[in-house]
Amino acid sequence: MAEINYSSPSAGDLSSFSATAPRPVKIIQLQHPTTSTTSTPPPSSSFLGRWRGKMKRMTWVEWIELFLPCYRWIRTYKWREYLQPDLMSGITVGVMLVPQSMSYAKLAGLHPIYGLYSGFVPIFVYAVFGSSRQLAIGPVALTSLLVSNVLGSIVDSSEALYTELAILLALMVGVFECIMGLLRLGWLIRFISHSVISGFTTASAIVIALSQAKYFLGYEIERSSKIIPLAKSIILGADKFLWQPFVMGSIILAILLTMKHLEISAVFTSIWSLTAVVLGTTFAKVYHPSSISLVGEIPQGLPKFSVPKEFGYVQSLIPTTVLITGVAILESVGIAKALAAKNGYELDSNQELFGLGVANIVGSFFSVYPTTGSFSRSAVNHESGAKTGLSGIIMGIIMGCALQFLTPLFEYIPQCALAAIVISAVIGLVDYDEATFLWRVDKRDFLLWTITCTVTLFLGIEIGVLVGVGVSLAFVIHESANPHIAILGRLPGTTVYRNIQQYPESYTYNGIVIVRIDAPIYFANISYIKDRLREYEIESDGPTRRGPEVTRVHFVIIEMAPTTYIDSSAVQALKDLHQEYKSRNIQIAISNPNRDVLLTLTRSGVVDLIGREWYFVRVHDAVQVCLQHVQRLNESPRTQSPLLENKSSLFQRVLRQRQEEVSLSQLESGNREIDTSHLEPLLSKKA
């Protein structure tokens with residue numbers, strides 16, 4: 001936008017103080033929206049218009065990829081380069097998944113066969129409809145705990161209804177995930193902070209580990225998601241302690257933790273995990289110890305098609321459905337996006353959510369309980385070199401072979417071995433490093449982490465999540481209702497204006513307050529903003545002040561570049577503020593509003609109320625015009641004799657004006673090697 005010479009007119013009663021003709025100052029003219037631009041937004045700016053344009057530009061290949069994301073890697077598959085790492089990673093994670101799926105099924109209160117089913121069918125469905133190439137889905141500890149906690153309060157886990165409800169829950173979770181994916185509502189989970197997630201998973205990991213203690217100790221403990229009942233039942237049943245399962249479980253757990261601590265390759269760690277289970281199984285089969293409980297008989301063969309039942313319990317399962325879906329978005333989609341970034345391809349979180357939903361829906365017709373992406377198995381899959389979704393298909397084949405041929409061997413797996421697998425997996429979820437990091441960086445986030453973790457431990461999972469999310473939203477609302485507002489000062493030798501607290505060397509001008517509002521302005525924060533503006537008007541403390549000496553504030557410049565939105569309540573408040581300032585002979589100036597904000601101000605009449613001449617592209621332009629008025633206000637009316645006035649030669653006046661214009665143009669062009677005595681317009685020599 002071209003620079004023009006602009007001699008600013010006076011505003012309101014301020015014109016009565018003018019004693020001399022104004023000196024022209026250089027500013028960039030702000031382009032106000034015309035009537036045509038304010039009537040209707042351009043079609044491209046609307047969501048529907050953008051969506052239609054995108055649909056028209058899509059090719060047939062992109063349409064196929066939209067409905068079948070697997071086509072993206074199938075059509076570009078490099079057999080020589082990708083096949084070997086896909087096979088290796090698929091076998092590695094598949095071997096890891098077999099014992100884990102049975103362990104998590106036990107954690108969920110289900111027979112181990114349902115864990116194997118859940119690690120079989122959804123994998124094939126996700127390989128077709130999922131967009132991540134490294135995400136390993138199946139049973140996970142957190143989801144299993146949620147299933148156990150909710151269904152355990154409805155029916156006893158030994159009854160058939162318990163299993164039917166778990167399968168129904170998978171269908172409900174899948175439908176809800178598909179709806180959120182189709183409506184592109186995944187952004188709703190962004191309101192849950194990372195501190196809440198970390199605190200929740202830490203507490204859940206502790207509860208999961210304690211719930212597996214019964215397989216180590218050899219006696220039953222109370223089923224609960226609260227730490228006090230768990231600890232109490234462990235202590236009260238100490239007289240029933242059996243040392244045999246404790247020793248075996250401890251040895252297997254020590255092996256698993258040692259392999260994890262040594263940070264050997266993912267393949268080697270997976271093999272050792274399976275080896276530990278095989279050793280325990282061999283010992284149980286050979287010696288038949290009566291004190292060590294075994295998994296027992298597992299049906300052989302692939303899952304059969306069956307329609308979910310017990311729809312009368314749908315209403316009571318809705319809260320858990322929402323919670324599990326939230327965990328799926330936070331855990332699975334988060335992992336998938338991170339792995340996509342590491343492997344150099346794009347991933348749509350909403351399409352990913354839809355793929356997870358389809359996997360759960362189809363799985364529910366094959367006796368599957370809710371599944372989602374596993375952090376540990378996905379990490380192993382990535383470290384093993386997985387390139388495409390073929391690795392997931394290999395995992396599914398491994399699980400199918402296990403179901404078809406190996407289930408007779410699973411009968412002799414000690415339950416303490418499965419418990420050791422669960423405990424070794426959830427120990428990594430205890431995120432104490434995050435707690436110490438938050439303590440150093442942000443005490444408020446540490447408080448949020450502590451509240452979520454503590455409430456989850458002592459009051460249960462559902463209450464813990466609700467309290468964590470509630471406190472997180474309260475922090476968001478507080479930040480929004482109390483936005484950051486800064487007083488700006490000018491950096492010496494530049495036309496740049498920055499926060500005076502961040503840059504103490506900056507200086508302000510007498511009679512002018514420059515304020516930057518770093519947030520949208522709407523009904524919840526406008527009162528706070530008005531109060532702060534009144535405070536800044538009377539504040540005397542601050543950095544160095546320059547310019548003509550005046551006794552009070554005459555101009556308030558509001559920098560609106562960070563302000564992305566302004567609503568009707570804020571518009572009305574601005575009108576009230578203008579009238580309040582006008583009564584005290586204070587003029588508002590607006591700097592750099594964006595297009596949407598300027599349109600709102602124009603339609604509401606605020607632009608004309610304040611005056612179009614008081615809207616500027618840059619803060620420096622506003623300061624120049626305001627300084628000109630402040631200087632006039634400070635000048636005493638003088639009357640000079642025409643003879644004395646003529647003593648000043650025309651040549652000297654023209655030369656002085658030319659020097660001022662050259663100095664200003666050099667400054668605005670970024671040349672800092674100029675005489676700084678001419679840089680600041682209309683400054684008095686007093687610092």
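Residues numbered from 1 in each chain as written. Predicted model: local features only at pLDDT ≥ 70, side-chain atom pairs only at ≥ 80, totals over all residues. Heavy atoms only, no water.

(A) View of the overall build of the chain. Counting its regular elements, the chain contains 29 helices and 12 strands. Within the chain, contacts between residues separated by at least 24 positions form 81% of all contacts whose residues are at least 6 apart in sequence. (Helix = DSSP H or I, 4+ residues; strand = E, 2+ residues; numbered from the N terminus. Contact = heavy atoms within 4.5 Å.)

(B) Inspection of the pairing of strand S8 (residues 512-517) at higher detail. The buried fraction of S8 amounts to 6 of the 6 residues, a majority that puts the element mostly inside the structure. Residues Ile512, Ile514 and Arg516 line one face of S8 and the alternating positions Val513, Val515 and Ile517 line the opposite face, and both faces are buried. Sheet analysis places strand S5 (residues 485-490) next to S8, joined by 3 bridges and oriented antiparallel. Note on S8: the bridge partner recorded for Ile485 is Ile517. (Buried < 20%, exposed > 50% of the residue type's maximum accessible area, 1.4 Å probe, protein only. Pairing = 2+ DSSP bridges.)

(C) Layout of the side chain of Ser131. Tracing the sequence through the fold places Ser131 in the loop between helix H7 (121-129) and strand S3 (137-138). A distance of 2.8 Å separates a polar atom in the side chain of Ser131 from a polar atom in the side chain of Glu352. Those residues within four positions of Ser131 in sequence are excluded, and the remaining contacts are Pro69, Arg72, Tyr126, Tyr345, Leu347, Asp348, Gln351 and Glu352. (Polar contact = N/O pair within 3.5 Å; in protein donor to acceptor, adjacent residues only side chain to side chain.)

(D) A look at the nonpolar core. The biggest cluster of nonpolar side chains holds 54 residues, and the ones touching the most others in it are Ile512, Ile566, Leu601 and Tyr615. In terms of residue count, the dominant contributor to this core is helix H27 (residues 619-634) (7 residues). The residues contacting Tyr615, other than those within four sequence positions of it, are Leu30, His32, Ile590, Leu598, Leu601, Val606, Val607 and Ile610. Formed by 52 residues, the second largest nonpolar core is a distinct cluster that contains Ala336, Val368, Ile413 and Ile421. (Core = buried A, V, L, I, M, F, W, Y, C linked by side-chain atoms within 4.5 Å.)

(E) Inspection of unusual backbone geometry at higher detail. Its identity is not glycine, yet Arg184 carries a phi of approximately 55 degrees, on the positive side. Here Arg184 is to be found in the loop between helix H9 (160-182) and helix H10 (194-211). We classify Arg184 as partly exposed; its relative accessible area is 42%. Despite not being glycine, Glu310 shows a phi value in the positive range, around 60 degrees. By the element assignment, Glu310 lies in the loop between helix H14 (266-287) and helix H15 (314-343). You can call Glu310 partly exposed: its relative accessible area is 33%.

(F) Spotlight on the packing of helix H20 (residues 432-441) against helix H21 (residues 443-459). One way to put it is that H20 packs onto H21 with a least axis distance of 6 Å and a crossing angle of 145 degrees. Here Glu434, Ala435, Leu438, Trp439 and Val441 of H20 lie close against H21, whose contacting residues are Lys443, Asp445, Phe446 and Trp449. (Axes fitted to C-alpha atoms, helices over the stretch in contact; angles between N-to-C directions.)

(G) Spatial organisation of the side chain of Ser591. On the secondary structure map, Ser591 appears in strand S11 (residues 587-591). Excluding residues that lie within four positions of it along the chain, Ser591 makes contacts with Ile557, Ile558, Glu559, Met560, Ala561, Phe616, Val617, Arg618 and Val619.

(H) Inspection of the environment of Pro112 at higher detail. Within the secondary structure, Pro112 sits in helix H6 (residues 112-118). In this structure, the C-alpha to C-alpha distance between Pro112 and Pro99, residues 13 residues apart in sequence, is 9.3 Å. Excluding anything up to four places from it in sequence, Pro112 contacts Met102, Ala105, Lys106, Val295 and Ile298.

(I) Molecular detail of the packing of aromatic side chains. Per the stated rule, a full pass over the model turns up 15 aromatic pairs. Geometrically, the ring pair formed by Tyr114 and Tyr117 is edge-to-face, given 6.0 Å between the ring centres and 90 degrees between the ring planes. You can see Tyr114 and its partner Tyr117 sitting in helix H6, 3 residues apart, about one turn around the helix. Considering the side-chain rings of Phe305 and Phe366, the 5.7 Å spacing of their centres and the 75 degrees angle between planes classify their relative orientation as edge-to-face. (Phe/Tyr/Trp six-rings, centres within 6.5 Å; stacked < 30°, edge-to-face > 60°.)

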